[in-house]
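Chain by chain, the residues run as shown.
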Amino acid sequence: MSDKKKKNKILYLSFNKDRNCLSLGMQTGYRIYDLTKKDSFFFYERILGKGVGIIEMLEKTNILGLVGGGEEPLDMKSKLIIFDDKEGKNIAYLIFKSDVLNLRLKRDKILVICKDFIYLVDTLNFKSIDTISLNIENTKSVSFAFTLEPEVNKLAYNDTNEEKNKIIINTYEEQSKKNSIELKANYKNNNLISCMDFDKEGKVIAVTAKNLEYLILYRTADGIPLCKCNIDNQSVNCLYLSFEENNDFLCVSLDSGEVNIFNLKKAKNRLNNGLSLNKKEMKEEIWSKFYLPEKKVICTFTGEEIGKEHIICIGTKGNYYLVKFDSNKSGNLAQKIEEKFFLKFEK
């Protein structure tokens, strides 16, 4: 493989908490992009000479979580490095018994997903808050969600028994007290959970599973379903979920290159007013959708800097897409208004 192709290879993509920055783990280091700038959003690149397989940014700060990856990893894959990009040095590191599969950073907590365990660690003193043993045989099927707002501390994850996949939500209070509930759902073992995500306040969680033509929104207080959102094709897999800032809409990227948009205003009204549910009210059809030329993308709604009714999609091949949809009228295809290859060597 040539050096140029090696440099261009993306190992990992992630948005920060407010989804206004994009972090790329690459074969030779990492890059940070500021997504609030319309014209040139290239922000910073650090060449480390080795691969970064996982990168997470703490809010919009210079503090990063790094894990080695690729053909020549930065470090062993069981080691989490807390890195200060401004100073260019390690702050701390944590070593686990097995490879780190994923992580999330917030100001008071670090979440680490490993092969057999989930670890929740205090950011201030790096002491353990909780350790959760997993029963999932296929570690690639571990799905989780973690609230990143400072005042909300909820963790959701899927686990299995002999009959079904179950989804647990833990709420962490002061002094490490934990309350747990199980979602009132019935996902069989052939319906592996593909992805899940909380809304900003942690009141709602969206869950998708393989071999199912819908996703379900649950109320996190009691695990009761709020609505079922139909997806076009049950043979595709959901890759990424993103709630709009006010929870009015949800976008879902599929591994077919299609992105579905759902209107959640009815479900939001039921949540806020404690209304009873019936099967007819629970069903939500696709509000809008669009198609992209590549199959693996992550997506998020934009902030005020770019404008409402816009979605940013980032592809693993290094492409940026900006799409506009109509929040007042359903049934229309969303319009792709910008597309560019952002993976360049120069600023």
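Residues numbered from 1 in each chain as written. Predicted model: local features only at pLDDT ≥ 70, side-chain atom pairs only at ≥ 80, totals over all residues. Heavy atoms only, no water.

Secondary structure assignment for the protein yields three helices and 30 strands. Expressed as a percentage of the 347 residues in the protein, the buried residues total 56%. For the protein, the share of sequence-separated contacts (at least 6 apart) that also reach a separation of at least 24 residues comes to 44%. For the protein, the accessible area works out to roughly 16800 Å², and carbon and sulfur atoms hold 46% of it. (Helix = DSSP H or I, 4+ residues; strand = E, 2+ residues; numbered from the N terminus. Buried < 20%, exposed > 50% of the residue type's maximum accessible area, 1.4 Å probe, protein only. Contact = heavy atoms within 4.5 Å. Areas by Shrake-Rupley, 256 points an atom, 1.4 Å probe, with all protein chains shown as cover.)

With that settled, consider the side chain of Asn153. Structurally, Asn153 can be placed in the loop between β13 (144–146) and β14 (154–160). At a separation of 3.1 Å, a polar atom in the side chain of Asn153 contacts the side chain of Lys106. (Polar contact = N/O pair within 3.5 Å; in protein donor to acceptor, adjacent residues only side chain to side chain.)

Right, let's talk about the pairing of β14 for a bit. Burial analysis of β14 places seven of its seven residues in the buried class, which makes it a mostly covered element. Pairing of β13 with β14, which is carried by three bridges, proceeds in the antiparallel orientation. Following the sheet pairing, Phe144 is matched in β14 by Tyr157. (Pairing = 2+ DSSP bridges.)

Bringing the sheet that holds strand β26 (residues 288–291) into the picture now. Within the open sheet, the four strands sit side by side as β22-β23-β24-β26. Their pairing is antiparallel. The sheet terminates laterally at β22 (238–243) and β26, the two strands that pair on one side only. Sheet twist, expressed as the average angle between the axes of neighbouring strands with direction ignored, equals 15°. (Axes fitted to C-alpha atoms, helices over the stretch in contact; angles between N-to-C directions.)

Comment: phi is negative for the bulk of residues other than glycine, and the bulk of peptide bonds are trans. In this structure, Arg19 is a non-glycine residue whose phi angle is positive, near 55°. Inspection of the secondary structure puts Arg19 in the loop between β1 (10–15) and β2 (21–26). Residues other than glycine seldom take positive phi values, yet Glu309 does so here, at roughly 65°. Take Glu309: it is sitting in the loop between β27 (297–301) and β28 (310–315). Glu309 sits in the partly exposed class, given a relative accessible area of 23%.

On to the pattern of salt bridges. Where charged atoms of side chains with opposite charge meet at close range, the side chains can pair. Applying the stated criterion across every chain yields a total of 18 salt bridges. Glu245 serves as the salt-bridge partner of Lys200, at 2.7 Å between the closest nitrogen and oxygen. Placement of Lys200 in the loop between β18 (193–198) and β19 (204–209) and of Glu245 in the loop between β22 and β23 (249–254) is noted, with a sequence separation of 45 residues between them. The partly exposed category is assigned to Lys200, whose relative accessible area is 38%. Residue classification places Glu245 among the exposed residues on the basis of a relative accessible area of 53%. Each of Lys17, Asp18 and Glu149 takes part in a single network of salt bridges with overlapping partners. (Salt bridge = Lys/Arg side-chain N within 4 Å of Asp/Glu carboxyl O.)

Within the protein, residue pLDDT values average 86, and 87% of them lie at 70 or more. The low-confidence segment residues 1–5 (pLDDT under 50) makes three contacts with residues lying over four places distant or belonging to another chain. (pLDDT = per-residue confidence, 0-100.)

Below, the discussion takes up the pairing of β1. The side chains of a regular strand alternate, first on one face of the sheet and then on the other. Along β1, five of the six residues are buried, which leaves the element largely enclosed by surrounding structure. Two elements, β1 and β2, share five bridges in a ladder whose sense is antiparallel. Considered in β2, the bridge of Ile10 is made with Met26. Adjacent in sequence and paired antiparallel, β1 and β2 are bridged by five residues, among which Arg19 carries a positive phi angle near 55°.

Within the structure shown, the criterion is met by seven aromatic pairs. Consider the rings of Tyr30 and Phe83, whose centres lie 6.4 Å apart with planes at 75°: the pair is edge-to-face. With Tyr30 in strand β3 (residues 29–34) and Phe83 in strand β7 (residues 79–84), the pair connects residues that are 53 residues apart, well separated along the chain. Centroid distance Phe117 to Tyr119: 6.0 Å. Interplanar angle 40°. Geometry classified as tilted. Members of the aromatic cluster, connected to one another through ring pairs, are Phe249, Trp287, Phe301 and Phe325. Positioned above the aromatic ring of Tyr93 is the side chain of Lys79, whose terminal nitrogen or guanidinium carbon lies 4.2 Å from the ring centre. A cation over an aromatic ring shows up here: Lys106 above the ring of Phe146, its NZ or CZ 5.3 Å from the ring centre. (Phe/Tyr/Trp six-rings, centres within 6.5 Å; stacked < 30°, edge-to-face > 60°. Lys NZ or Arg CZ within 6 Å of the ring centre and 35° of its normal.)

Right, let's get into a nonpolar patch on the surface. Together, Met76, Tyr93 and Ile95 make up a nonpolar patch on the protein surface, roughly 320 Å² of accessible area in all. Along the polypeptide, Met76 turns up in the loop between β6 (63–68) and β7. Owing to a relative accessible area of 41%, Met76 belongs among the partly exposed residues under this scheme. (Patch = residues over 30% accessible without salt bridge, like charges linked within 9 Å, V, L, I, M, F, W, Y side chains within 5 Å.)

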